[in-house]
Amino acid sequence: MQTVTTIAEVRRLTDAARRDGGTVGLVPTMGYLHEGHVSLMEAARRECDLVVMTNFVNPLQFGVGEDFEAYPRDLERDAELSEAAGVDVAFVPAVEEMYPEPIATTVTVGGVTDRFEGASRPTHFAGVATVVAKLFAIAGPSRAYFGEKDWQQVCVVRRMARDLSLPVAVVACPTLREPDGLARSSRNVYLGPAERAAAPVLHRALLAGRDLIDDGERAPAAVEARMAAVVDAEPLADLDYAAAVRADDLTRPDVLAGEVRLLIAARVGPPRLLDNLGVTIATA
Ligand code: AMP
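Below is a summary of the structure that appears in this document. Since we're looking at a predicted model, the values are computed, not measured.

With that settled, consider the pattern of salt bridges. Within this structure, the stated rule accounts for 14 salt bridges. Its salt-bridge partner being R18, residue D15 comes within 2.6 Å of it at the nearest N-O pair. Of the two residues, D15 and R18 both sit in helix α1 (residues 7-19), three residues apart, roughly one turn of that helix. One salt bridge in this structure joins E224 and R252, with 2.8 Å as the shortest N-O distance. With a gap of 28 residues between them, E224 in helix α10 (residues 220-232) and R252 in the loop between β7 (237-246) and β8 (258-268) connect regions that are remote in the sequence. Its relative accessible area of 12% is what places E224 among the buried residues. Overlapping salt bridges bring together E117, D240 and R272 as one network.

Structural data, given as structure tokens:
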């Protein structure tokens, strides 16, 4: 694995791969890698000739008062994990390399960003879309790998790629979980012992929502109420939202049908945790 810090070096390596007829796979991360990230890199390794992993804590997607400065970092361990996962190029730029001057151009995706994380974090998805657009322009991938863990992010990136005719397939990979169901996340390190024990309540709430749908419930409000009740029963968890929506554009139908996504966010102590689950309702 080669670790590079400049845009020019990434371009040199990806240009050479494409010149040789190879495909480039991109895995954008903010580092502090865990098994979830590794599964994305392994998927890219299986499907692409040159695998580029980017490790960049993107200041643009953090709001005022969020944890940009405190975001956990461990570049040495990240290098070991990404090398073991078969990454060819680790791009680890400084903020000055990505943003040498205050940025005047941002990518804003409407609609799908109106609710949920977009409502709680008003500048977040413009930061995500802008850095992902830059990374696409830098690496020129034909496939880019994202985790279902951040389902709304997948929807935002897919919509951006579609609207801007970007020649990239956006691949969504399943959420990796701890044995007790907690979705793996770099931010799980913020959980104290009691909070860690309480945190799987998000996954339990999603499963309860799915069970209700499996039992025939088709009203989003009823499914949402069931998920909320599970979270409300956990004293350490403070629910932000529990929603049952269409999987592709995150709008709320009158009657659940087809591809549905259950979304949940809650504070468990200081950390705000996210999770989601896909449910397919077969049409009769
Ligand atoms: P992050 O470093 O948190 O920005 O995440 C980088 C990528 O890894 C994003 O596409 C995330 O959705 C994905 N990811 C994070 N956690 C998981 C997980 N538990 N399972 C699968 N993918 C994940």
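After presenting the structure, the write-up continues.
Under the criterion given, the structure shown has four aromatic pairs. When the ring of F56 is compared with that of Y99, the centres are 6.0 Å apart and the planes differ by 50°; the resulting orientation is tilted. Placement of F56 in the loop between β3 (50-55) and α3 (75-84) and of Y99 in the loop between α4 (95-98) and α5 (117-120) is noted, with a sequence separation of 43 residues between them. When its relative accessible area of 12% is taken as the criterion, Y99 is described as buried. Through pairs of rings, three or more aromatic residues link up here, namely F62, F68 and Y71.

So, about α10. Here α10 spans 18 Å end to end across 13 residues, near enough to the 18 Å set by a 1.5 Å rise per residue. Looking at the buried positions of α10, the neighbouring elements they touch are α9 (201-214), β7 and β8.

Looking now at the site of the ligand. The environment of the ligand is made up of 17 residues, and the closest members are M30, H37, D150, L176 and R184. H37 has a polar side-chain atom sitting 2.9 Å from an oxygen atom of the ligand. A distance of 2.9 Å is found between an oxygen atom of the ligand and a backbone nitrogen or oxygen belonging to G147. Of all the secondary-structure elements, those providing two or more residues to the shell around the ligand are β2 (24-29), α2 (35-47) and β5 (143-147). Among the elements that take part in the shell around the ligand, α2 stands out by supplying three residues, more than any other. Of the residues in the shell around the ligand, the class split is seven nonpolar, seven polar and three charged.

Criteria and thresholds
Residues numbered from 1 in each chain as written. Predicted model: local features only at pLDDT ≥ 70, side-chain atom pairs only at ≥ 80, totals over all residues. Heavy atoms only, no water. Salt bridge = Lys/Arg side-chain N within 4 Å of Asp/Glu carboxyl O. Helix = DSSP H or I, 4+ residues; strand = E, 2+ residues; numbered from the N terminus. Buried < 20%, exposed > 50% of the residue type's maximum accessible area, 1.4 Å probe, protein only. Phe/Tyr/Trp six-rings, centres within 6.5 Å; stacked < 30°, edge-to-face > 60°. Expected span 1.5 Å × (residues − 1). Contact = heavy atoms within 4.5 Å. Near = heavy atom within 4 Å. Polar contact = N/O pair within 3.5 Å; in protein donor to acceptor, adjacent residues only side chain to side chain. Nonpolar A, V, L, I, M, F, W, Y, C, P; charged D, E, K, R; others polar.

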